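An overview of the molecular structure
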Amino acid sequence: MPRPVTLFTGQWADLSLGELATQAKAMGYDGLELACWGDHFDVQRALASSDYARERWSLLQAQGMGCHAIANHLVGQAVCDRIDERHRAILPPEVWGDGEPEGVRQRAAARMIDTARAARAFFDARPGAAAIDFPAVVTGFTGSSIWHAVYAFPPTSQAYLQQGFDDFAQRWRPILDAFDAVDVNFALEVHPTEIAFDIASAQRALEAVDHHPRFGFNFDPSHFAYQGVDYIRFLRTFSERIFHVHMKDVWWGRGDGSVGVFGGHTDFGDARRHWDFRSVGRGDVRFQDIIVALNDIGYRGPLSVEWEDARMDRRHGAAEAAAYVRQLDFPPSAAAFDAAFERKP
């Protein structure tokens with residue numbers, strides 16, 4: 001069976017789930033990766049009433065849509081971050097509270113534990129045989145107390161950086177234990193501003209939580225490619241930890257030479273930029289190599305389009321992306337290609 005092609009709803013939170021499900025079906029998607037903002041998935045309502053999960057599924061099924069992952073990037077970001085006024089814009093009011101940083105981090109951690117429980121309730125309510133197709137997954141961010149030290153000046157020791165990984169482990173182990181208790185996987189989107197943003201830091205993060213069985217990755221090549229990180233190597237290095245996949249494109253080596261990899265404090269879509277996100281298939285990511293690697297490592301989960309392109313109408317781009325991903329994907333072979341030449345005794 002081909003992998004489901006789904007749409008991450010985070011960039012579509014201005015639409016109701018009903019509106020988006022209708023549009024996504026028309027654009028060619030099999031399902032949605034539901035973001036925990038807008039009205040797409042409400043963690044507290046899912047915990048408060050079993051009717052909520054059934055209503056979400058009913059709404060999705062009315063359009064012939066499935067769901068294989070819940071996404072809570074925004075709250076997860078606040079678990080380890082150095083909190084400032086920017087977080088207020090992305091957090092639910094009850095998580096932000098009075099904005100005192102440690103209080104925000106503690107409430108964010110509690111909400112991530114609630115997200116695991118809400119995801120379990122939601123996927124347990126999934127109708128029919130679809131309930132056993134894929135493991136329950138929550139995608140998200142972790143935040144980082146040491147992202148500000150990504151460039152090591154003032155001079156930054158490994159002991160200083162280790163404090164950041166220790167902080168991550170202390171805050172996320174109880175969350176991961178809660179995920180384990182309800183049989184849900186957490187898939188960190190390896191990404192700048194997170195505790196893991198390339199292969200080396202992902203290995204270090206995994207070691208920090210003692211290779212916790214519920215800690216894995218939401219693979220997104222767009223965050224590796226412009227950094228110069230080998231995203232195919234990432235798949236092969238962490239083959240057993242690829243819990244979810246984003247299909248998202250980027251180009252790099254562009255611009256006018258005045259803005260570098262760090263972005264020059266410019267906005268996305270600025271023509272001066274060295275790199276920018278592109279609609280899937282219109283950037284420089286080698287998606288065919290990704291499909292080959294996913295087949296090699298046995299990943300059979302969804303291919304979730306995270307659509308971002310500052311220069312393109314999103315409905316046009318998302319529809320184009322769905323068709324591109326569907327055409328690109330192919331099932332692995334069940335036999336050696338030259339088996340037909342074998343002579344049987």
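See the structure printed just above.
Right, let's walk through the structure included here.

Parameters at a glance
- Residues numbered from 1 in each chain as written.
- Predicted model: local features only at pLDDT ≥ 70, side-chain atom pairs only at ≥ 80, totals over all residues.
- Heavy atoms only, no water.
- Phe/Tyr/Trp six-rings, centres within 6.5 Å; stacked < 30°, edge-to-face > 60°.
- Helix = DSSP H or I, 4+ residues; strand = E, 2+ residues; numbered from the N terminus.
- Buried < 20%, exposed > 50% of the residue type's maximum accessible area, 1.4 Å probe, protein only.
- Pairing = 2+ DSSP bridges.
- Contact = heavy atoms within 4.5 Å.
- Axes fitted to C-alpha atoms, helices over the stretch in contact; angles between N-to-C directions.
- Salt bridge = Lys/Arg side-chain N within 4 Å of Asp/Glu carboxyl O.
- Parallel < 35°, antiparallel > 145°, perpendicular 65-115°, else oblique.
- Left-handed = near helix turned anticlockwise from the far one by under 90°.
- Nonpolar A, V, L, I, M, F, W, Y, C, P; charged D, E, K, R; others polar.

1. Concerning the packing of aromatic side chains
- Per the stated rule, a full pass over the model turns up 22 aromatic pairs.
- Ring geometry for Phe 215 versus Phe 217: centroids 5.6 Å apart, planes at 70 degrees, classification edge-to-face.
- Summarising the aromatic geometry, the rings of Phe 217 and Phe 238 are spaced 5.0 Å apart at their centres and angled 65 degrees between planes, so their arrangement reads as edge-to-face. Here Phe 217, found in strand E6 (residues 215-219), pairs with Phe 238, found in the loop between helix H11 (231-237) and strand E7 (242-247); they are 21 residues apart in sequence, far enough to count as distant. You'll find Phe 217 and Phe 238 in the same group, each marked buried.

2. Some details on the sheet that holds E6
- The strand order around the closed barrel formed by eight strands is E1-E2-E3-E4-E5-E6-E7-E10, and the pairing between neighbours is parallel.
- Both strand E4 (residues 137-140) and strand E5 (residues 185-189) contribute to a ladder of four bridges, which runs parallel. Across the sheet, Val 137 pairs through a bridge with Asn 185, a residue of E5.
- Here helix H1 (residues 17-27) sits on the sheet in contact with strand E1 (5-8) and strand E2 (31-35), set at roughly 145 degrees to E2.
- Strands in contact with helix H4 (residues 73-80) are E1, E2, strand E3 (70-71), E4, E5 and E7; relative to E4, the strand with the most contacts, it is inclined by about 65 degrees.

3. Some words on the pattern of salt bridges
- Taken as a whole and assessed by the stated rule, the structure comprises 26 salt bridges.
- Arg 117 is the salt-bridge partner of Asp 114, the closest N and O atoms lying 3.7 Å from each other. Placement of both Asp 114 and Arg 117 in helix H7 (residues 101-124) is noted, with a separation of three residues, approximately one turn of the helix.
- According to the relative accessible area criterion, Asp 114 is buried, its value standing at 18%.
- Between Arg 173 and Asp 210 there is a salt bridge, and its shortest N-O distance comes to 3.2 Å. Of this pair, Arg 173 sits in helix H8 (residues 158-181) while Asp 210 sits in the loop between helix H9 (199-208) and E6, and the two are 37 residues apart along the sequence.

4. Some details on the packing of H1 against helix H3 (residues 50-62)
- Where H1 meets H3, the closest approach of the two axes is 9 Å, and the angle between their N-to-C directions is 30 degrees. In terms of orientation, H1 lies roughly parallel with respect to H3. Crossing of H1 against H3: the hand is right-handed. On H3, the residues that touch Leu 17, Gly 18 and Ala 21 of H1 are Arg 56, Leu 59 and Leu 60.
- Here the residues of the contact of H1 with H3 are counted per class, giving four nonpolar, one polar and one charged.

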